[in-house]
Amino acid sequence: MYKLVAPLTLFASLAHGAAIPPYPPAGLDGGANIIPPYPPTGLDGGANTIPPFLPPGLDGGANTIPPYPPTGLSGGANISPPFLRRALSGGATLPPYLPPGPYDVRSPCPMLNSLANHGMLPRNGRNIPVEQYISVLKEVGCAADLCGSIAYSALALVPTRKNAAGEIVYGLDDLRKHGGIEHDASLTRDDFNLSPNQDNFSLNQTLYAQLISFANSATGRLDITSMAKARKVRQADSKARNPNPDFGPQQFYAAHGEAARFLLFFGHQFGNEVPVKVAAAVLLEERLPWAEGWVPPKVPIGFALEGATAAAIEAKEALVK
């Protein structure tokens, strides 16, 4: 699912049997150890070039994050209410789903594309401020630690620029940059070097069908075993056919984190297993699966749960054929 990089130390430690760190991590609970800058030292090639992991306002400081959506999201102040919260309370209809138009851009990530197709992110997919990514991801149940990492990790990895307000922005199309957040051996996208047009962001229907074929036949759901089988097959295929595969340790951990997030965000109502009809809405149509009965998780999903689930997928992957 998502092609977004999370800190590697958590996945690495979980994969080697270490205990899961407490939730929330130190620094998110008001303790003395403030969250360190993200990405870790050296990832961006220099010191202090990336904003802190959590900007002022996510840690309870005076500069609070502005209400969702930020001013101007829909062309003016306070035009778009927080759709999901209002809908959950019965106070509003959902933002309408509209497929992208000819001048809209999309990313390799079905979740972010779905949010743009519902107008929660700008429908054109362009020049989105970091804080807006965070606000919208929180709407669908992403905890502050995970939201911050997802949004801020891209700053060191994809093209960025400043908007008229001086905010650092990047668009969904910037997330296509090969070797940034995007990586080979995706569950639903072609490898960069294997696509005739180096299209690493459009859905590959054959890969989608392959993923769905791994659904549990008894439940009709994608589960940890399904994701382990799919990851193992895709990694082997990329290694065999791609003359220059981009799938080192960082991409390995990112890919398993993406698989974990897919199960957690869209399968939380079913024991972290995703019904095929829900998967079809998200992966085929890039639509939030409200019509299929999905709602965002009530307890926000953070690193601890994602890391444990990613480790479980990796462990199962070593066992499946």
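Caption draft 1: Quick peek at the overall build of the protein chain. From N to C terminus, the protein chain includes ten helices and five strands. Relative to its 321 residues, the protein chain shows a buried fraction of 50%. When the accessible surface of the protein chain is split by element, carbon and sulfur atoms take 56% of a total near 13,900 Å².

Caption draft 2: Spotlight on the side chain of Asp246. Its place among the elements puts Asp246 in the loop between helix H7 (224-241) and helix H8 (249-267). In contact with Asp246, other than residues within four places in its own chain, are His178, Gly179, Glu182, His183, Asp184 and Gln251.

Caption draft 3: Looking closely at the pattern of salt bridges. Evaluated as defined, the whole model comprises nine salt bridges. Put simply, Asp237 and Arg241 hold a salt bridge, and the shortest N to O gap is 2.8 Å. Within this pair, Asp237 and its partner Arg241 are both found in helix H7, separated by four residues, close to a single helical turn. Between Arg261 and Glu306 there is a salt bridge; the shortest N-O distance is 2.8 Å.

Caption draft 4: Layout of the packing of H8 against helix H10 (residues 303-317). Relative orientation of the contacting elements H8 and H10 amounts to 110 degrees, with a least axis distance of 8 Å. The pairing of H8 with H10 is recorded here as roughly perpendicular in orientation. For the element pair H8 and H10, the recorded crossing hand is right-handed. Every residue of H10 that contacts H8 at Phe252, His256, Gly257, Ala259, Ala260, Arg261, Leu263 and Leu264 is listed here: Leu305, Glu306, Thr309, Ala310, Ile313, Glu314 and Glu317.

Caption draft 5: Highlighting the environment of Cys147. With respect to the helices and strands, Cys147 occurs in helix H5 (residues 144-153). For Cys147, a relative accessible area of 0% gives the class buried. Taking C-alpha positions, Cys147 is 10.0 Å from Val130, a pair spaced 17 residues apart along the chain. Excluding its chain neighbours within four sequence positions, the residues that come into contact with Cys147 are Ile134, Leu137, Lys138 and Cys142.

Caption draft 6: Main features of the confidence of the model for the protein chain. On average, residues of the protein chain carry a pLDDT of 77, and 71% of them reach 70 or more. Residue range residues 1-83 is modelled with pLDDT below 50. Its contacts to residues more than four positions away, or to other chains, number 149 contacts. Taken together, the stretch residues 85-92 has pLDDT below 50 and engages in nine contacts with residues farther than four places along the chain or on a different chain.

Basis of the calculations
- Residues numbered from 1 in each chain as written.
- Predicted model: local features only at pLDDT ≥ 70, side-chain atom pairs only at ≥ 80, totals over all residues.
- Heavy atoms only, no water.
- Helix = DSSP H or I, 4+ residues; strand = E, 2+ residues; numbered from the N terminus.
- Buried < 20%, exposed > 50% of the residue type's maximum accessible area, 1.4 Å probe, protein only.
- Areas by Shrake-Rupley, 256 points an atom, 1.4 Å probe, with all protein chains shown as cover.
- Contact = heavy atoms within 4.5 Å.
- Salt bridge = Lys/Arg side-chain N within 4 Å of Asp/Glu carboxyl O.
- Axes fitted to C-alpha atoms, helices over the stretch in contact; angles between N-to-C directions.
- Parallel < 35°, antiparallel > 145°, perpendicular 65-115°, else oblique.
- Left-handed = near helix turned anticlockwise from the far one by under 90°.
- pLDDT = per-residue confidence, 0-100.

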